[in-house]
Amino acid sequence: MRTNPYNMANEAINKIREALKFSPDNIPLKLHLGEMLLDEKEYQEAINEFNEVLTKDPANEEAKLLLAEAFLLQGNYSATIVIAEEEQFKNNPDALLLLAKAHLRDKSLSEAIEVYKRVLKLDPHYADAELDSQLRSQGTYNDSDQFDEDEFDEDATFRIVENPGIDFNDVGGMEKVKREIDLKIIQPLKNPEIYKAYGKKIGGGILLYGPPGCGKTHLARATAGQIKAKFINIGINDVLDMWIGNSEKNLHEVFEYARKNKPCVLFFDEIDALGASRSDMKQSSGRHLINQFLSELDGVDGDNDGILVLGATNAPWHLDSAFRRPGRFDRIIFVAPPDDESRETILQLQMKDKPKTDIDYTLLAKKTPDYSGADLNAVIDIAIESKLEEAIKTGVPQPLTTKDILGAVKLHRPSTRDWFNSAKNYALYANDSGLYDDILTYLNIKK
Ligand SMILES: Nc1ncnc2c1ncn2[C@@H]1O[C@H](COP(=O)(O)OP(=O)(O)O)[C@@H](O)[C@H]1O
Ligand SMILES: [Mg+2]
């Protein structure tokens, strides 16, 4: 059992306070204390620490930013704005993000939008969930002159386009899936003449399905990186939630956006949500949305050359069979939990930049059957947390060892078994034309 995190944090805070008695001028330590106080929601105390740092070192940028953040959390928006608007932060995305949030929470929407655009211009990686969701829904519902629907391209979708930053080398194992993606969508994009010469029609997408956390999203992103294309990541639930009643139009705009950003991988996550019956969506409008999606896939309203369409779902059985016709998601690929070798690679990738001793990855892989990639991430997080606790107690950071990770494995159960429990039933009893045979093969079940 682990100790109550609240007490632990308090204890750590007290230790740092003790240490500061001996070296009151240790600015990094004081900033660290302030951050811990912020985490504990002790905003006023944190503010005192940051102010003390600034008395000693008036130009300290980090202290100023933390102070601005503390004021924001405290609800003192005008104080945040005063700091974040300082000349020195003119091109600092961290400061501007705080500024945008202060304006947003202060109900100054147009200022918030204007500042947020500046942030994203400086660094597109800075997308922020609160600002995205608030500004977008505000824009659609109350403030249409601020967030004109025609501005969709520049404003509403900016957050979904990424430079992927990873390629197939960052994906452990999955050789078969990689090969299939290569043959089915990468090669046709690179060598269209060859495919045409053999009378092979180009187009259509791939649907990835399997238990959560096993790398579907990761692989889709790596596919984009593999061909140096942009990655457009659309959560279907986002499309549905953000503009209820306006979904068809938005879906069309998503495809138009992809057409303007070729070459790109257009990735639809949680795609089963399109087929699911939703309480907040009338039955018939659900049907319209599916039809809209299918005609976009078919390229009825535009040319899809240069767009690689990938979809992912944990529940393919909820997806309308119309999605599987030729030219649509005509390849359905099972993304299984990583095997021993893949887990070894995944662990190596995840430990790459961590302080560590010689790690026995083969042993770790052997001890983690049924663990998904996400489970392995969690295991390493747990191991790091307990290392941190230790380091705070002793004051001496130690590298991670194989034993630490084995200890963490015991604290985190693999998550894929539950999925197979229900998937098995679909594979046994709703397996039209052998669609889910891969699940049975994986489970060693004979039909
Ligand atoms: N084959 C893999 N290689 C490297 N990392 C992986 C792999 N599979 C999963 N992961 C890790 O696990 C995390 C969760 O995977 P994700 O792609 O989000 O799963 P899914 O989309 O299937 O739910 C990823 O962010 C990645 O860090
Ligand atoms: Mg995913």
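Note that the structure is a prediction, hence the values are computed from the model and not measured.

What counts, and where the lines are drawn
Residues numbered from 1 in each chain as written. Chains lettered and ligands numbered in written order. Predicted model: local features only at pLDDT ≥ 70, side-chain atom pairs only at ≥ 80, totals over all residues. Heavy atoms only, no water. Helix = DSSP H or I, 4+ residues; strand = E, 2+ residues; numbered from the N terminus. Expected span 1.5 Å × (residues − 1). Buried < 20%, exposed > 50% of the residue type's maximum accessible area, 1.4 Å probe, protein only. Polar contact = N/O pair within 3.5 Å; in protein donor to acceptor, adjacent residues only side chain to side chain. Phe/Tyr/Trp six-rings, centres within 6.5 Å; stacked < 30°, edge-to-face > 60°.

Enquirer: With reference to specific residues and values, describe helix α2 (residues 27-39).
Expert: With 13 residues, α2 ought to run about 18 Å at 1.5 Å a step, and its terminal C-alpha atoms sit 19 Å apart, in line with that. Residues of α2 that are buried include every one of I27, K30, L31, L33, G34, M36, L37 and L38, and no others. Between the side-chain oxygen of the N-cap and the backbone nitrogen of L29 there are 3.1 Å, and the N-cap of α2 in question is N26.

Enquirer: Requested: an account of the packing of aromatic side chains, with residues and values cited.
Expert: Remark: the centre distance and the inter-plane angle together describe each pair of aromatic rings, the angle taken between the planes. Counting across every chain of the model gives 16 aromatic pairs. With a centroid separation of 5.8 Å and 25° between ring planes, the pair formed by F231 and F267 is classed as stacked. In this pair, F231 sits in strand β3 (residues 230-235) while F267 sits in strand β4 (residues 264-269), placing the two residues 36 residues apart along the sequence. Comparing F231 with F267, the two get one shared label, buried. An angle of 15° between the planes, with centres 6.5 Å apart, marks the rings of F293 and F329 as stacked. One end of the pair, F293, is in helix α14 (residues 283-297); the other, F329, is in the loop between β5 (307-313) and β6 (331-334), and 36 residues separate them in sequence. A relative accessible area of 0% places F293 in the buried class. For F329, a relative accessible area of 1% puts it in the buried group. What links up through ring pairs into an aromatic cluster is the set Y209, W317, F334, W419, F420, Y426, Y436 and Y442.

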